[in-house]
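Chain by chain, the residues:
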Amino acid sequence: MGKSVWKPGTVIYPVPAVMVSCGDIEGEKNIITVAWTGTINTNPPMTYVSIRPERHSYEIIKKTGEFVINLVTENLAYACDFCGVRSGKDVDKFSEMKLTPFKGNVVSAPLIYESPVNIECKVKEIVKLGSHDMFIGEVVSVSVSDEYMDETGKFHFNKSKPICYSHGGYFGLGKQLGTFGYSVKKQKDENKPKKERWRKTGRKTKNKKEGK
Ligand SMILES: Cc1cc2nc3c(=O)[nH]c(=O)nc-3n(C[C@H](O)[C@H](O)[C@H](O)COP(=O)(O)O)c2cc1C
């Protein structure tokens, strides 16, 4: 089996598909589905959305200097697709998809109430790249739905059933394969007798207890 060589293109998949809300909660508002998005810095928290200038949302975001990234769950997949194939020039996507505009903490753009995570952003820079302009945004507020919060205040995002977009399709996430760092975590084999466990790791239980 060989390999076919394709012309250079954007084939990094899966990616998130997010619903970006923009405009003014009191006035004209819109939603655009965006797959070209991601985290670009941790501190300060920075993100981007790449948008074609011909999109209705483009001018709104450029004018207001604000946008909100709303993460998408399985329940929102249909609305996410709709917001990516219909223009705000022609339809009110909030009312058409029965989505609730919700007041932001910092920005005037509406959040989508039904989304479990709303990331409010202020545009810091617009980078012209070719087909798309990249709006680099600083995250100025994050709201999460109480629904996925446990009594200790821990947020269980994966319980909201997030989706991703891969090569033309929307997918749920499927089964979890591990957690951060699991590849290097020491395996605890509780069924083995203590002596054998010691032999396997080459570490003395005594030393471990002493913290050496
Ligand atoms: C899954 C998906 C991902 C998309 N990603 C982008 C994107 O990253 N950038 C972009 O400009 N358009 C993207 N689009 C297309 C816009 O969402 C679409 O043209 C939309 O109708 C524009 O809405 P508006 O005219 O109301 O702004 C995507 C569409 C879909 C369905």
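The coordinates are above.
Here's what I pulled together on the structure shown here. Being a predicted model, the structure only gives us computed values, none of them experimental. (Residues numbered from 1 in each chain as written. Predicted model: local features only at pLDDT ≥ 70, side-chain atom pairs only at ≥ 80, totals over all residues. Heavy atoms only, no water.)

A look at the overall build of the protein chain
Thought 1: Regarding its fold elements, the protein chain presents five helices and 11 strands.
Thought 2: The proportion of buried residues among the 212 residues of the protein chain is 35%.
Thought 3: In the protein chain, 57% of the contacts between residues at least 6 apart in sequence involve partners at least 24 apart.
Thought 4: Here the protein chain displays about 14,400 Å² of accessible surface, and carbon together with sulfur accounts for 53% of that area. (Helix = DSSP H or I, 4+ residues; strand = E, 2+ residues; numbered from the N terminus. Buried < 20%, exposed > 50% of the residue type's maximum accessible area, 1.4 Å probe, protein only. Contact = heavy atoms within 4.5 Å. Areas by Shrake-Rupley, 256 points an atom, 1.4 Å probe, with all protein chains shown as cover.)

Looking at the pairing of strand β9 (residues 133-144)
Thought 1: One ladder, built from six bridges, connects strand β4 (residues 46-51) with β9; its direction is antiparallel. Across the sheet, Met46 pairs through a bridge with Glu138, a residue of β9.
Thought 2: Pairing geometry for strand β8 (residues 117-128) and β9, over 11 bridges, is antiparallel. Bridge assignment links Val127 to a residue of β9, and that residue is Met134.
Thought 3: Once β8 ends, the chain turns through four residues before running back antiparallel as β9, passing Gly130 with a positive phi of about 145°. (Pairing = 2+ DSSP bridges.)

With respect to a nonpolar patch on the surface
Thought 1: Residues Val142, Val144 and Met149 make up a contiguous nonpolar surface patch of roughly 210 Å² in combined accessible area.
Thought 2: Within the secondary structure, Met149 is located in the loop between β9 and β10 (163-166).
Thought 3: On the basis of relative accessibility, which here comes to 31%, the residue Met149 falls in the partly exposed class. (Patch = residues over 30% accessible without salt bridge, like charges linked within 9 Å, V, L, I, M, F, W, Y side chains within 5 Å. Salt bridge = Lys/Arg side-chain N within 4 Å of Asp/Glu carboxyl O.)

Things to note about the nonpolar core
Thought 1: In this structure, Val20, Val49, Ile51 and Phe67 are the most contacted members of the largest nonpolar core, which totals 17 residues.
Thought 2: Breaking this core down by element, the ones donating at least two residues are β1 (18-23), β2 (29-34), β4, α1 (56-64), β5 (66-70), β8 and β9.
Thought 3: Those residues within four positions of Val49 in sequence are excluded, and the remaining contacts are Val20, Val34, Trp36, Thr37, Phe67, Ile69, Asp133, Met134 and Phe135.
Thought 4: In terms of nonpolar packing, the next biggest core, distinct from the first, is built from 15 residues, Leu76, Ala77, Leu99 and Ile163 among them. (Core = buried A, V, L, I, M, F, W, Y, C linked by side-chain atoms within 4.5 Å.)

Re the environment of Asp146
Thought 1: Inspection of the secondary structure puts Asp146 in the loop between β9 and β10.
Thought 2: Expressed as a C-alpha distance, the spacing of Asp146 and His156, which sit 10 residues apart in the sequence, is 9.9 Å.

Things to note about α1
Thought 1: All of the buried residues in α1 are Ser57, Tyr58, Ile60 and Ile61.
Thought 2: Taken together, the buried residues of α1 touch β1, β2, β4, β5, β8 and β9.
Thought 3: Positive phi appears at Gly65, one or two residues downstream of α1, with a value of about 70°.

Considering the site of the ligand
Thought 1: Taken together, the neighbourhood of the ligand is formed by 22 residues, with Asn30, Thr33, Ser57, Ser87 and Gly88 sitting nearest.
Thought 2: Thr33 has a polar backbone atom sitting 2.8 Å from an oxygen atom of the ligand.
Thought 3: Arg52 places a main-chain nitrogen or oxygen 3.0 Å from an oxygen atom of the ligand.
Thought 4: Contact with the protein chains removes 88% of the 640 Å² of surface that the ligand exposes when unbound.
Thought 5: At a threshold of 2 Å from the grid points, most atoms of the ligand map onto the largest pocket. (Near = heavy atom within 4 Å. Polar contact = N/O pair within 3.5 Å; in protein donor to acceptor, adjacent residues only side chain to side chain. 1 Å grid on protein atoms, 1.4 Å probe; cavity = no way out; pocket = protein on both sides within 12 Å on 5 of 7 lines; lining within 4 Å. Sits in = over half its atoms within 2 Å of the grid points.)

Topic: the sheet that holds β4
Thought 1: Strand order in the open sheet formed by seven strands is β2-β1-β5-β8-β9-β4-β3, with antiparallel pairing between adjacent strands. Every interior strand has two partners, whereas the edge strands, β2 and β3 (37-41), have only one. Taking each pair of neighbouring strands and ignoring which way they run, the sheet shows an average axis angle of 35°.
Thought 2: Judged from the four bridges that link them, β3 and β4 form a sheet pairing that is antiparallel. If you follow Gly38 over to β4, its bridge partner there is Tyr48. (Axes fitted to C-alpha atoms, helices over the stretch in contact; angles between N-to-C directions.)

Re the pattern of salt bridges
Thought 1: Per the stated rule, a full pass over the model turns up three salt bridges.
Thought 2: Between Lys124 and Glu138 there is a salt bridge; the shortest N-O distance is 3.8 Å. You can see Lys124 sitting in strand β8 and its partner Glu138 sitting in strand β9, a full 14 residues away along the chain.
Thought 3: Residue Glu138 is classed as partly exposed on the basis of its relative accessible area of 23%.
Thought 4: With its nearest N and O atoms 3.0 Å apart, the salt bridge here joins Asp133 to Lys128.

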